[in-house]
Amino acid sequence: EAGVTQFPSHSVIEKGQTVTLRCDPISGHDNLYWYRRVMGKEIKFLLHFVKESKQDESGMPNNRFLAERTGGTYSTLKVQPAELEDSGVYFCASSQDSAGAWKQYFGPGTRLTVT
Amino acid sequence: AQSVTQLDSQVPVFEEAPVELRCNYSSSVSVYLFWYVQYPNQGLQLLLKYLSGSTLVKGINGFEAEFNKSQTSFHLRKPSVHISDTAEYFCAVSDRPGSARQLTFGSGTQLTVLP
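Cut-offs applied
- Throughout, a residue's number is its position along its own chain's written sequence, starting from 1.
- Written order decides the labels, with chains lettered from A and ligands numbered from 1.
- Per-residue local features of the predicted model are confined to residues with pLDDT of at least 70, and side-chain atom pairs are confined, for both listing and counting, to 80 or more; whole-chain, interface and lining totals are unaffected and use all residues.
- Processing note: side-chain calculations cover all non-hydrogen atoms of the structure and skip hydrogens and water entirely.
- A run of H or I in DSSP counts as a helix once it spans at least four residues, and a run of E counts as a strand once it spans at least two, with each numbered from the N terminus.
- We call Phe, Tyr and Trp rings a pair once their centres come within 6.5 Å, taking the six-membered ring for Trp, and we label the pair stacked below 30 degrees between planes, edge-to-face above 60, and tilted otherwise.
- We call a residue buried when its accessible area falls under 20% of the maximum for its residue type, exposed when it is over 50%, and partly exposed in between, using a 1.4 Å probe and counting protein chains only.
- Here, over-ring charges are defined by two tests on the NZ atom of lysine or the CZ atom of arginine: distance to the ring centre within 6 Å, and angle to the ring normal within 35 degrees.
- Only strands joined by at least two bridges in the DSSP assignment are considered to pair.
- Here, axes are lines fitted to C-alpha atoms. For helices the fit covers the stretch in contact, and angles between N-to-C directions go from 0 to 180 degrees.
- Any pair of residues with heavy atoms lying within 4.5 Å of one another is described as a contacting pair.
- Note on terms: buried area is the combined drop in 1.4 Å-probe accessible area of two parts once they are placed together, counting the loss on both.
- Take a side-chain nitrogen of Lys or Arg and a carboxyl oxygen of Asp or Glu: if they are within 4 Å of each other, that pair is a salt bridge.
- Two N or O atoms count as a polar contact when they lie within 3.5 Å, although within protein this holds only if one can serve as hydrogen donor and the other as acceptor, and sequence-adjacent residues are included solely when both atoms are side-chain atoms.

A. Geometry of unusual backbone geometry. The step from A:F7 to A:P8 runs through a cis peptide bond, and the omega angle for that step is -5°. Within the element layout of this structure, A:P8 appears in the loop between β1 (5-7) and β2 (10-13). Backbone torsion omega between A:Q80 and A:P81 reads -10°, so that peptide bond is classified as cis. Structurally, A:P81 can be placed in the loop between β8 (75-79) and β9 (88-95). Despite not being glycine, A:K51 shows a phi value in the positive range, around 55°. Inspection of the secondary structure assignment puts A:K51 in the loop between β5 (43-50) and β6 (53-56). We note that B:N41 has phi near 65°; this positive angle belongs to a residue other than glycine. If you trace the backbone, B:N41 turns up in the loop between β5 (32-38) and β6 (44-50).

Here you go:
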């Protein structure tokens, strides 16, 4: 069974540019989560999809971030325009049900560097 | 509000030596506690969890952790480490098991096992 995959693994962009990160969850997992780890600090929750609907987006930092999950399969996270403080590692996770936060399977992350 | 403190950002240890990675949390309510591990170029994996019952929890790869309510700690231990244990370890807390929003992570501890 394939795990959670994320693309790209690394991205380097200039301040003001746009970047789109992609996450492919494990097949059959309705729940998809985005997290971010900035500058070696703690990992923070961004948002949670159930199928194509946003269940909880309270962790999204500002309106420069847009997450979508059309069709309830893969998800994209777009940052537009990127700022220096957006640098960090963006993790995606998926789970079959949301009854236990520890039931999530995590992807390897996308390392974003904004220069 | 909850918070997790991992005091040691880097822990170097020689192979076959014991190791303890420290985690302290703050929460005004009952908590559920977790340790995750991230090996190089891989996603986060759940190492072990404390939900209720015995305060000594055993996880994968020979790791164990003890929940100490009076000291608000959940330190991770292994009696004899291997080179393959080199990874970053994250402590996390949740006051409700049902939602990803409630997972609060620490800033991580890089364990490096030296030959």
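B. Structural detail: the packing of aromatic side chains. As enumerated under the stated definition, the model contains nine aromatic pairs over all chains in all. Pairing A:Y35 with B:F105 gives two aromatic rings, centres 6.0 Å apart and planes at 90°, and the pair type is edge-to-face. Within this pair, whereas A:Y35 is found in strand β4 (residues 31-37), its partner B:F105 is found in strand β11 (residues 104-105), the two belonging to separate chains. Residue B:F105 is classed as buried on the basis of its relative accessible area, which comes to 2%. Three or more aromatic residues joined by ring pairs make a cluster, and in this case those are A:Y35, A:F45, A:F106, B:Y36 and B:F105. The ring of A:Y74 is capped by A:R22, whose NZ or CZ atom sits 3.8 Å from the centre of that ring.

C. Looking closely at the sheet that holds β8(A). All names here are of chain A. Spatially, the four strands line up as an open sheet ordered β1-β3-β8-β7, and their pairing is antiparallel. The sheet is open, and its two borders are formed by β1 and β7 (65-68), each paired with just one other strand. Each strand of the sheet is rotated relative to its neighbour by a mean of 15°, with strand direction disregarded. For β1 and strand β3 (residues 19-24), the ladder comprises three bridges, and the chain directions are antiparallel. Across the sheet, F7 pairs through a bridge with R22, a residue of β3.

D. Quick peek at the interface of chain B and chain A. Of the residues lining the interface, 22 residues belong to chain B; the matching set on chain A comes to 20 residues. When chain B packs against chain A, close to 1,700 Å² is buried across both sides, 62% of that on carbon and sulfur atoms. Remark: the boundary between chain B and chain A carries one salt bridge. Note that B:E88 is salt-bridged to A:R37, the shortest N-O span being 2.9 Å. Where chain B touches chain A, the interface holds two residue pairs in polar contact (both at pLDDT 80 or more).

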